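What follows is each chain in one-letter form.
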Amino acid sequence: MALLEVDDLSVTFARRGQRTVHAVDGVSFSVDAGEVVGLVGESGCGKSVTSLAIMGLLPKQPGLRVGGKAVFDGTDLLQLDDRSRRDIRGRDIAMIFQDPLSSLNPVIPIGLQVTEVLTRHRGMKGEAAAKEAAELLDRVGIPDPRRRLKEYPHQLSGGMRQRALIAMAVACRPRLLIADEPTTALDVTIQAQILELLKELVRDSGTALVMITHDLGVVAGMCDTINVLYAGRVVETARRRPLFAAPRHPYTVGLLGSIPRLDSGRGERLTPIPGSVRDLLPWPDGCAFAPRCTRRVDDCVGAPPELVLAHDDRSYRCVNPAPVPGREPDSAFAPQTGAVAAGASDAAAPAEAASREEESA
Amino acid sequence: MTGSENLVEVRDLKVHFPIKRGVVFDKVVGHVKAVDGVDLSIPRGRTYGLVGESGCGKSTLGRALLQLTPPTGGEVRFDGVDLTRLSAGRLRSMRRRMQMIFQDPMSSLDPRQNVESILTEGLQAHGIGGSRDERRRIIGETLDAVGLPRWALSRYPHEFSGGQRQRIGIARALVLGPELIVADEPVSALDVSIQAQVVNLLDELQERLGLTYLVIAHDLAVVRHISDVVGVMYLGALVEEASGDQLYREPMHPYTRALMSAVPVPDPDVEDQRERILLSGDLPSPANPPSGCRFHTRCPWAQPTRCADERPVLRQIGGSKVACHFAERIASGELRPHRVTAEVVRPADEGDAPGVVSAPSEPGSYV
Ligand SMILES: Nc1ncnc2c1ncn2[C@@H]1O[C@H](COP(=O)(O)OP(=O)(O)O)[C@@H](O)[C@H]1O
Ligand SMILES: Nc1ncnc2c1ncn2[C@@H]1O[C@H](COP(=O)(O)OP(=O)(O)O)[C@@H](O)[C@H]1O
Ligand code: SF4
Ligand code: SF4
Ligand SMILES: [Mg+2]
Ligand SMILES: [Mg+2]
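For clarity, every value in this text was computed on a predicted model and none was experimentally measured. (Residues numbered from 1 in each chain as written. Chains lettered and ligands numbered in written order. Predicted model: local features only at pLDDT ≥ 70, side-chain atom pairs only at ≥ 80, totals over all residues. Heavy atoms only, no water.)

**Examining a negative patch on the surface**
Residues and elements named next belong to chain A. There is a patch of like negative charges on the surface, built from Glu5, Asp7, Asp8 and Asp32. Within the secondary structure, Asp7 is located in strand β1 (residues 4-13). Given the relative accessible area of 37%, Asp7 is considered partly exposed. (Patch = residues over 30% accessible without salt bridge, like charges linked within 9 Å, V, L, I, M, F, W, Y side chains within 5 Å. Areas by Shrake-Rupley, 256 points an atom, 1.4 Å probe, with all protein chains shown as cover. Salt bridge = Lys/Arg side-chain N within 4 Å of Asp/Glu carboxyl O. Lys, Arg positive; Asp, Glu negative; His and termini not counted. Charge placed at Lys NZ, Arg CZ, Asp CG, Glu CD. Helix = DSSP H or I, 4+ residues; strand = E, 2+ residues; numbered from the N terminus. Buried < 20%, exposed > 50% of the residue type's maximum accessible area, 1.4 Å probe, protein only.)

Here's what the structure looks like:
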């Protein structure tokens, strides 16, 4: 059984005089113990709201409605009272954010913030807690940890702050760690350090990780399973290799065709997705991606596309998915170099030109 | 290469910002050497890509090139003319020929101006397009070139999506008919699906109009994609310069190798197999850069001699220019990388003690 099973999660923000925002519109995904699961999508697709809803950290504002289930180890987190939720948070589930300053207290030394977590959840005190805190900082690669314990968050660089936050998050050996764009604010060489650290922690402790990011490169390097989100729904779920070797949902195909790759040469034209996320169809009226989709057919509009479960552990929400390049549907997967690029452009090319003209008008 | 092949030639460019302290009297206590001796040339109709991590001086270099920030030293030749010696008046008339595109179109566009007035403003300032009809025609052509519809003219920046706003920013630069465009992080504020639209647009415009670009970005994949020549910057100086392909195939400088290996590639096969060079520690502060080779505090190949006390110059090795004393011996594999102990780097511009900060959350409230 899955460690975390998110089922039809929805989050709406209603405000008087304004249109209700369906920030999350029926998201389902699951995370097995020790698994690294990616949630990818562009800004505004509902990644952060999904994770905050699971953690019970959404701002309690009037008009907020959360529906569906988020079952962690048999308990529906959405049904818990604040107190039990806080107990689980920190002990069993921890979260790190893009901006570590927002979750570190600026007027309390790092050391005290780490020992506080150790005291609250593991009952450690005094020298034992201090020693463990220093070991944690050391483990996440903070130099001279004993001295750092006495310092304040603003005295650390962005990368070091993120490490300190990771130390606090793993202090109680949680079974699940949710990381929301943990490296987006960091430079790429620092990002590489933090990603390596997260991989190591997951490998050594068996903690499951939900990695939230807009960067497909990041998930390619570390996730076992990847969920692609668009407009508040998961549109494709697949294991890492099949997803990149043969993306089926046109949005996934489009994303992969849009990214300049370090290993592709000068002047290789990118295949952008036409239009912008503003060009949206509400899910109840059909496929939200239809206004931008190059594979659109009549059936795409009218009702939201059903989830299709494919044989290879994959599912997508599309009535006209991209074909698997050059293969019979039931043949075994043997990903090849170059399959991504070929698959992506083949699938999108013919319809692309016509549709782009339409969209840019 | 002769001067006429290169539209832009930068020699020993320096931009040093004074660091001031003191409550009553501003005392200069040091300098941030944001750009500290850069040479580069951009051939006509080509793209020079400048890459490096935040704070390494990319934007300052771009601004100094256009004389938007006065250089502390060195020269910038544009079409043979040294811009640093021009009178204000002559510089103004040169400005039309070199334009800039910014990262965040929203903050560089006046929210109270509609698109028509944004575009007309530049034309009027430079006295282009004598009549109203003439201006209309130029603006219409520019809109077509950047793929914006005519109805955009009466709209305001906030009514557009991020990608369209960047098109407005490009149109504003383009309407003056420039030869050089300095694009500072032109796509980094955009979503990936939109980045590709803008990258393709920049490519198309270059092909059609023969534009020369200096593209500044922190994303090496983007830079490699659109640049003929790539310059890698570290703490105010170029550490390596080569064609994008050469740089990718055979990065010579240890920093380039580390940077390259840190860029995620959306392909599991590549990700699982590639060489990883993890740098320890943070980028040192440009106000207090390391002595000798500025990379020596983080360099996995640093040697006990020279690295800490002699600043390497950019020199030609094969098809690349590299600023490393030991580049040849690193490339041949004779020198091996070693472990580096991370040094603590303080965030530059914040005080020593925490002041009173409002609304502290309780410790570890999220974790
Ligand atoms: N507190 C809120 N009130 C109203 N709308 C919100 C609130 N928080 C988020 N949203 C909206 O919900 C959508 C999803 O946001 P988010 O989950 O932050 O996206 P992502 O993390 O994928 O970039 C966005 O359209 C956003 O504007
Ligand atoms: N106007 C200024 N006054 C003082 N310091 C500046 C100014 N502009 C930039 N700097 C400093 O110069 C260095 C280089 O900045 P910048 O050129 O913006 O880097 P990049 O664009 O590569 O991120 C940074 O340390 C920055 O803080
Ligand atoms: S359902 Fe139709 S519109 Fe939606 S992604 Fe699939 S083909 Fe495109
Ligand atoms: S000069 Fe020395 S420290 Fe600098 S990059 Fe070369 S080997 Fe490294
Ligand atoms: Mg977010
Ligand atoms: Mg900059």
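Having put the structure on the table, let's press on.
**Things to note about the pattern of salt bridges**
Scanning the entire structure with this criterion turns up 42 salt bridges over all chains. Measuring nitrogen to oxygen at the nearest pair gives 3.1 Å for the salt bridge that ties A:Asp92 to A:Arg91. Residue classification places A:Asp92 among the buried positions, given a relative accessible area of 13%. Residue A:Arg91 is classed as partly exposed on the basis of its relative accessible area of 37%. Two residues, B:Arg150 and B:Asp144, come together in a salt bridge whose shortest N-O distance is 3.0 Å. Classification of B:Arg150 by relative accessible area gives partly exposed; the value is 47%. Here the salt bridges do not stand alone but share partners, grouping A:Asp73, A:Arg91, A:Asp92 and A:Arg175 into one network.

**Some points on the environment of A:Ser264**
Checked against the element boundaries, A:Ser264 lands in the loop between α10 (250-258) and β11 (308-309). Judged by relative accessible area, which is 13%, A:Ser264 ranks as buried. The contacts of A:Ser264, once residues within four sequence positions are left out, are B:Arg224 and B:His225. (Contact = heavy atoms within 4.5 Å.)

**Side note on the nonpolar core**
Residue and element names in this part refer to chain A. If you look at the biggest cluster of nonpolar residues, it comprises 68 residues, and the most contacted ones within it are Ile166, Leu198, Leu209 and Met211. At eight residues, the largest contribution of residues to this core is made by helix α6 (residues 158-170). Not counting residues up to four positions away in its chain, the partners in contact with Leu198 are Ile96, Ile166, Leu177, Pro182, Leu209, Met211 and Met222. (Core = buried A, V, L, I, M, F, W, Y, C linked by side-chain atoms within 4.5 Å.)

**Brief notes about the interface of chain B and chain A**
Each side of the interface is counted separately: chain B has 73 residues, and chain A has 77 residues. Counting each side, the surface lost to burial between chain B and chain A is near 6,300 Å², with a carbon and sulfur contribution of 55%. Inspection of the region where chain B meets chain A yields five salt bridges. A:Arg261 is the salt-bridge partner of B:Asp267, the closest N and O atoms lying 3.2 Å from each other. On the surface where chain B and chain A come into contact, there are 22 residue pairs in polar contact (both at pLDDT 80 or more). Within the residue set of the side of chain B that touches chain A, elements represented by two or more residues are α7 (192-209), α8 (220-226), α9 (244-249), α10 (254-262) and α11 (268-273) of chain B. Residues of the side of chain B that touches chain A, tallied by class, amount to 33 nonpolar, 18 polar and 22 charged. (Buried area = accessible area lost by both parts, 1.4 Å probe. Polar contact = N/O pair within 3.5 Å; in protein donor to acceptor, adjacent residues only side chain to side chain. Nonpolar A, V, L, I, M, F, W, Y, C, P; charged D, E, K, R; others polar.)

**Regarding the site of ligand 1**
All names here are of chain A. Neighbouring ligand 1 are 13 residues, the closest being Gly44, Gly46, Lys47, Ser48 and Val49. In the model, an oxygen atom of ligand 1 is placed 3.3 Å from a nitrogen or oxygen of the Cys45 main chain. A distance of 3.0 Å separates an oxygen atom of ligand 1 from a polar atom in the backbone of Gly46. With three residues, helix α1 (residues 47-55) is the largest single contributor of residues to the shell around ligand 1. Of the residues in the shell around ligand 1, the class split is five nonpolar, five polar and three charged. (Near = heavy atom within 4 Å.)

**What to know about empty space enclosed by the protein**
Within this structure, the stated rule accounts for eight cavities of 30 Å³ or more. Taken as a whole, the largest cavity encloses approximately 120 Å³ of empty space. Together, 13 residues line the largest cavity, and A:Ala192, A:Leu195, A:Lys199, B:Glu271 and B:Arg276 are the ones closest to its centre. Contributions of two or more residues to the lining of the largest cavity are made by α7 (188-205) and α8 (216-222) of chain A. With five residues, α7(A) is the single largest residue contributor to the lining of the largest cavity. Here the second largest cavity is characterised by a volume of approximately 100 Å³. (1 Å grid on protein atoms, 1.4 Å probe; cavity = no way out; pocket = protein on both sides within 12 Å on 5 of 7 lines; lining within 4 Å. Points joined across faces, edges and corners; volume = space filled by probe spheres on them.)

**What about the packing of aromatic side chains?**
Tallying each qualifying case throughout the model produces six aromatic pairs over all chains. An angle of 80° between the planes, with centres 5.1 Å apart, marks the rings of A:Tyr230 and A:Phe289 as edge-to-face. Of this pair, A:Tyr230 sits in strand β9 (residues 225-230) while A:Phe289 sits in the loop between α10 and β11; the two residues are 59 residues apart in sequence, bridging distant segments of the chain. Judged by centre distance (4.6 Å) and plane angle (55°), the rings of B:Tyr234 and B:Tyr255 are tilted. Here B:Tyr255 lies in helix α10 and B:Tyr234 lies in strand β9 (residues 229-234), a separation of 21 residues in the sequence. Owing to a relative accessible area of 0%, B:Tyr255 belongs among the buried residues under this scheme. Ring pairing ties together the aromatic residues A:Tyr230, A:Tyr251 and A:Phe289, which thus form one cluster. (Phe/Tyr/Trp six-rings, centres within 6.5 Å; stacked < 30°, edge-to-face > 60°.)

**A few points about the domain arrangement of chain A**
All names here are of chain A. Under the domain assignment used here, chain A contains domain 1 (4-230) and domain 2 (273-360). Counting from both sides, the interface comprises four residues of domain 1 and, opposite them, seven residues of domain 2. Summing both partners gives a buried area of about 480 Å² for domain 1 against domain 2, and 54% of it is carried by carbon and sulfur. It is Asp25, Glu42 and Tyr230 that lose the most area in domain 1 upon contact with domain 2, and together they represent 89% of the buried surface on that side. Linking domain 1 to domain 2 there are zero salt bridges. Taken together, domain 1 and domain 2 are joined by one residue pair in polar contact (both at pLDDT 80 or more). Here the residues of the side of domain 1 that touches domain 2 are counted per class, giving one nonpolar, one polar and two charged. (Domains from an automatic or database assignment.)

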